[in-house]
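Listed here are the chains, written in short residue letters.
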Amino acid sequence: MDRPANIDINKELDIPNTFRRYNGYLKKGNYEFYCQEFAYSAIYGNLNLSNLSYILELLRLDKLPEILFLIRVDDCHDIYNCFPRFSIYPQKIHVINHLERSLEERGIKGVVASFLGRDTIGAFLCFPEESNSKKHRETLKNLAQYLIQDVEKYTNESISIGISDFCKNINEFPRAYSQCQKAFQNNFSKGRGTYTFYDEVQDVHILLRKEDMNNFAAKIIFHIDSLNSKGYTESIHEMINHISSTNTSSVDVRMQMVKLIDHVSNYYIEEGIEKEKIDHISIVAMKDILNSNFISSIEQIIVTFCEEVMKSSMIIHQNVDEKMRLFIDECIKKYYNDCDFNLAKAAKLCNYSPYYFGRLFKDLFNTSFNQYLTNYRIEKSTELLIQSQLSVEDIAFQLGFCSVSYFCTVFKRTVGITPRQYVKENE
């Protein structure tokens, strides 16, 4: 293929402009794209100052921003962690759009941009007050409170905010970004819907003592062995309160909680719980802990982990019928979305004939296998219809129904209305 006539191979190329179909220099380009380019250039300190006046024009600003609000969308994790469920991620875009409207309503100019692949948003704000005035700090405080409340009210999402020092020039934004990241350490302990100024961060962090963590692990295991959910819930709460009082860094807290999960898992593997099962429960908990932005979220993750471990530990002491019930439940959870999954295949998994398995199933669950499987699929469909952006057709096939019309017929027979009517009533 011939090289385009306007490309001189001997000259240094503008790589983005050469490879991308979209020309970012055109004035009629995408405003969101300009905002993102500004945000990344500002926090990495490589903004092209020779084009500053033109950049401000593209951003619709008459002066440079002076304050950074680094905003974390609390339940919105890295896009790669929720792949391929993209319906989870657009919530951040929804929050950005509302932040822009909220700032405009209060007459505050600035740039609001998403940091792609992260759970944070940068709001680079312009303010008229002097940087050292009490009025300036009070304005920022009121604005942070307003944004937190307004976003929760209109988007049903909670955000937390880190507030930087005043930036006298554009080259100070890398420092401002670092200040806001540190401010999130305070928000980690304070909880959801909170804000922290850059100068409120405590730099001194205390490491947790190994013997303290071992004592908490022993208490939790004791209560799980005793099938005492209230006991381990209280022990976990006591442990979290102790950790909060030590001002331990969020990174160290996450690492200690991962070690706790590993400690409990190894104990129950030695006790006889199936290794594959306990490993799955542990990996899910560890991943959620590492992605958590708040210590209160970690507390709930560990409680949920202990619930799953306790259920698994109960199997060791159960009779044959109870073990069979749990095994069948696990099979249905694993294969319900396979349209070929039926009584014969379930019987084969349990090493029974279809006839004997059908009778056994009815004795254990007080209903037929086919009815139980249908009800299970319909229950899953009601969750997906409300919580996802999948179409009715996609949900039908994802749940193992052979056709959309059959799914709609079964849904209406079970729920009383069609799937689309169900969505409308629950919007």
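Scoring rules and cut-offs
- Residues numbered from 1 in each chain as written.
- Predicted model: local features only at pLDDT ≥ 70, side-chain atom pairs only at ≥ 80, totals over all residues.
- Heavy atoms only, no water.
- Helix = DSSP H or I, 4+ residues; strand = E, 2+ residues; numbered from the N terminus.
- Contact = heavy atoms within 4.5 Å.
- Buried < 20%, exposed > 50% of the residue type's maximum accessible area, 1.4 Å probe, protein only.
- Pairing = 2+ DSSP bridges.
- Right-handed = clockwise from strand over helix to strand, strands pointing away.
- Core = buried A, V, L, I, M, F, W, Y, C linked by side-chain atoms within 4.5 Å.
- Axes fitted to C-alpha atoms, helices over the stretch in contact; angles between N-to-C directions.
- Patch = residues over 30% accessible without salt bridge, like charges linked within 9 Å, V, L, I, M, F, W, Y side chains within 5 Å.
- Areas by Shrake-Rupley, 256 points an atom, 1.4 Å probe, with all protein chains shown as cover.
- Salt bridge = Lys/Arg side-chain N within 4 Å of Asp/Glu carboxyl O.

A. Quick look at the side chain of Thr120. Along the chain, Thr120 turns up in strand E3 (residues 120-125). Aside from chain neighbours lying at most four places away, what touches Thr120 is Leu70, Ile71, Arg72, Lys92, Ser114, Phe115 and Phe184.

B. Representation of the pairing of strand E4 (residues 159-163) in the model. Burial within E4 is extensive, with five of its five residues counted as buried. Side chains Ile159, Ile161 and Ile163 of E4 all project onto a buried face; the interleaved residues Ser160 and Gly162 project onto the opposite face, where all are buried too. Pairing of strand E1 (residues 67-73) with E4 involves five bridges; the strand directions are antiparallel. Along E4, the bridge assignment pairs Phe69 with Ile163. Note: E4 against strand E5 (residues 195-197), three bridges, orientation parallel. What sits directly across from Ile161, in E5, is Tyr195. The parallel pair E4 and E5 is bridged by helix H7 (residues 173-190), and the resulting crossover is left-handed.

C. Quick look at the nonpolar core. One finds Ile224, Ile236, Met239, Met257 and Ile302 to be the most contacted residues of the largest nonpolar core, which totals 35 residues. For this core, the secondary structure elements donating two or more residues are helix H8 (210-225), helix H9 (229-245), helix H10 (250-271), helix H11 (275-290) and helix H12 (295-314). Take this core: its biggest share by element is nine residues, from H12. Excluding residues within four positions of it along the chain, Met239 makes contact with Met213, Phe216, Met257, Leu260 and Ile302.

D. View of the sheet that holds E4. Across the sheet, which stays open at both edges, the five strands sit in the order E2-E3-E1-E4-E5 with mixed pairing between neighbours. Two strands close off the open sheet at either side, each with one partner strand: strand E2 (110-114) and E5. Across the sheet, the mean angle from the axis of one strand to that of its neighbour is 15°, orientation sign disregarded. Helix-sheet contacts for helix H2 (residues 31-43) involve E2 and E3, and the interaxial angle to E2 is about 90°. Lying on the sheet, H7 is in contact with E1, E3, E4 and E5; it crosses E1 at an angle near 40°.

E. Inspection of the environment of Glu234 at higher detail. Assignment of secondary structure puts Glu234 in helix H9. Note on Glu234: relative accessible area 46%, which makes it partly exposed. With 14 residues separating them along the chain, Glu234 and Ile220 place their C-alpha atoms 9.1 Å apart.

F. Focus on the pairing of E1. Most of E1 is tucked away: seven of the seven residues are buried. Alternating residues of E1 divide into Ile67, Phe69, Ile71 and Val73 and Leu68, Leu70 and Arg72, and every residue in both groups is buried. Examined bridge by bridge, E1 and E3 share six bridges and lie antiparallel to one another. Within E3, the residue paired with Leu68 across the bridge is Phe124.

G. Focus on a nonpolar patch on the surface. Side chains of Val251, Met255 and Leu290 sit close together on the surface and give an oily, nonpolar patch of about 270 Å² of accessible area. Accessibility expressed as a relative area gives 44% for Leu290, which makes it partly exposed.

H. View of the pattern of salt bridges. As enumerated under the stated definition, the model contains 13 salt bridges in all. Put simply, Lys109 and Asp62 hold a salt bridge, and the shortest N to O gap is 3.7 Å. Taken together, the positions of Lys109 in the loop between helix H5 (91-105) and E2 and Asp62 in the loop between helix H3 (52-58) and E1 put the pair 47 residues apart, joining distant regions of the chain. For Lys109, a relative accessible area of 44% puts it in the partly exposed group. Notably, a salt bridge pairs Glu200 with Arg137, separated by 3.8 Å at the nearest N-O pair. One end of the pair, Glu200, is in the loop between E5 and H8; the other, Arg137, is in helix H6 (residues 134-155), and 63 residues separate them in sequence. Residue Arg137 is classed as partly exposed on the basis of its relative accessible area, which comes to 33%. Salt bridges linked by common partners bring Arg137, Asp199 and Glu200 together as one network.

Nothing here speaks to function; it is geometry throughout.
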